[in-house]
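Fold and geometry: a report
What follows is each chain in one-letter form.
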Amino acid sequence: MNPRPAPWRRLLPAPALSLIVVAFWLLMSDSFTFGQLLLGMLLGVVVPLFAARLDREFARIGTLRPLPRLLCVMLWDILVSNLRVAMQVLGPEKRLTPGFIWVPLDIGNIHGIAALTSLITLTPGTVSSALSDDRRHLLVHVLHLTDADALIAEIKTRYEAPLMEIFP
């Protein structure tokens, strides 16, 4: 049985978030007036109340050991992909064979999936386009697709496998 939260806790479920909302409101407003402060305080109460209703899935972190290698792989892939895309764009357009591929996902953690989609999108020439409703497949657009199976295997070994260790 959960005890009922204190009345002030029901009004301010996340006091830190309330303070952040007020601070950002005051920073974004063009003047610091009593009215802006009151409006910021009102937003500081209302925004966390709505945010508390959202269904949040908290990140579970496993081990960070693969992170340095993953960052090196990512930076290398970005560098190589920039050069490859530049040559493809500057070359004849008829050589490009864009396409979509569905990458089957073994990673189930939504934060790991978000990191994977970010890594794919950060790499020039590829863009994460959609995630299936069951979170088991990721649609990726590729600027120049020659071997879908090889690209899927590359994504799974270079990005997904280390992310599965980081986000179990």
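Check the entry above for the structure.
Residues numbered from 1 in each chain as written. Predicted model: local features only at pLDDT ≥ 70, side-chain atom pairs only at ≥ 80, totals over all residues. Heavy atoms only, no water.

1. Brief notes about helix α2 (residues 15-28)
Short version of the rule: Starting at the N terminus, helices and strands are each numbered in turn, a helix being any DSSP run of H or I of at least four residues and a strand any DSSP run of E of at least two. Helices are assigned an expected span. That span is 1.5 Å times one less than the residue count. When accessible area is computed with a 1.4 Å probe and restricted to protein chains, residues below 20% of their type maximum are described as buried, those above 50% as exposed, and intermediate ones as partly exposed. The arc in question is traced by the directions running from the helix axis to the C-beta atoms.
Its 14 residues give α2 an end-to-end C-alpha distance of 20 Å, which sits within 8% of 20 Å, the value for a rise of 1.5 Å per residue. Every buried residue of α2 is listed here: Ser18, Val21, Val22 and Leu26. The arc that holds every buried residue of α2, seen down its axis, measures 125°, which confines them to one face. Among the exposed residues of α2, those pointing more than 90 degrees away from its buried face are Ala16, Leu27 and Met28.

2. Some thoughts on the sheet that holds strand β3 (residues 137-142)
Keep this limit in mind: Strands are labelled as partners when DSSP assigns at least two bridges between them. To obtain each axis, a line is fitted to C-alpha atoms, and for helices this fit is confined to the stretch in contact; angles are then taken between N-to-C directions over 0 to 180 degrees. Any two residues having at least one pair of non-hydrogen atoms within 4.5 Å are treated as being in contact.
Taken in spatial order, the three strands make up an open sheet running β1-β3-β2, and their pairing is antiparallel. In this open sheet, the two edge strands, each paired with only one partner strand, are β1 (99-104) and β2 (126-131). Direction aside, neighbouring strands of the sheet carry axes that sit 30° apart on average. Sheet strands in contact with helix α5 (residues 110-122) are β2 and β3, and its direction is about 145° off that of β2. Where helix α6 (residues 148-166) meets the sheet, its contacts fall on β1 and β3, and the angle it forms with β1 comes to roughly 50°.

3. A look at the environment of serine 118
Considering the arrangement of structural elements, one finds serine 118 in helix α5. Residue classification places serine 118 among the partly exposed positions, given a relative accessible area of 38%. Counting along the chain gives 10 residues from serine 118 to serine 128, while the straight-line C-alpha distance between them is 7.6 Å.

4. Re the pairing of β3
Bridge count between β1 and β3: six bridges; the pairing is antiparallel. Directly across from valine 103, in β3, lies its bridge partner leucine 138. Bridge count between β2 and β3: five bridges; the pairing is antiparallel. Paired with valine 127 across the bridge in β3 is histidine 141.

5. Some thoughts on the side chain of glutamine 36
Where we set the bar: Under the rule applied, a polar contact is a pair of N or O atoms within 3.5 Å (in protein, one hydrogen donor and one hydrogen acceptor; residues adjacent in sequence only if both atoms are side-chain atoms).
The residue glutamine 36 is located in helix α3 (residues 34-53) in this model. For glutamine 36, the side chain forms a polar contact with the side chain of tryptophan 25, separated by 2.9 Å. Look past the residues within four positions of glutamine 36 in its chain and what remains in contact with it is Trp25, Leu26, Ser29 and Ser31.

6. Details of the nonpolar core
One broad rule of soluble globular proteins: the nonpolar side chains tend to lie buried together. To be explicit about the condition: Here, the term nonpolar core denotes a set of buried Ala, Val, Leu, Ile, Met, Phe, Trp, Tyr and Cys residues that are joined through side-chain atoms within 4.5 Å.
Ile101, Val103, Leu105, Leu116, Leu138, Val140 and Leu163 are the most contacted members of the largest nonpolar core, which totals 21 residues. Only α4 (67-90), β1, α5, β3 and α6 provide two or more residues apiece to this core. Filtering out sequence-adjacent residues up to four positions away, leucine 138 remains in contact with Ile101, Trp102, Val103, Leu105, Leu116, Thr117, Ile120, Ser128, Ala130 and Leu131.

7. Considering a nonpolar patch on the surface
Our working rule: Here the term patch refers to residues with relative accessible area over 30% and no salt bridge, with like charges joined within 9 Å and nonpolar side chains (Val, Leu, Ile, Met, Phe, Trp, Tyr) within 5 Å. Residue exposure ignores everything except the shown protein chains as possible cover, and the areas themselves are Shrake-Rupley values with a 1.4 Å probe. Throughout this description, the term salt bridge denotes a Lys or Arg side-chain nitrogen within 4 Å of a carboxyl oxygen of Asp or Glu.
A cluster of nonpolar residues, Leu17, Ile20, Phe24 and Leu27, forms a patch on the protein surface that exposes about 410 Å² of accessible area. For leucine 17, the position within the fold is in helix α2.

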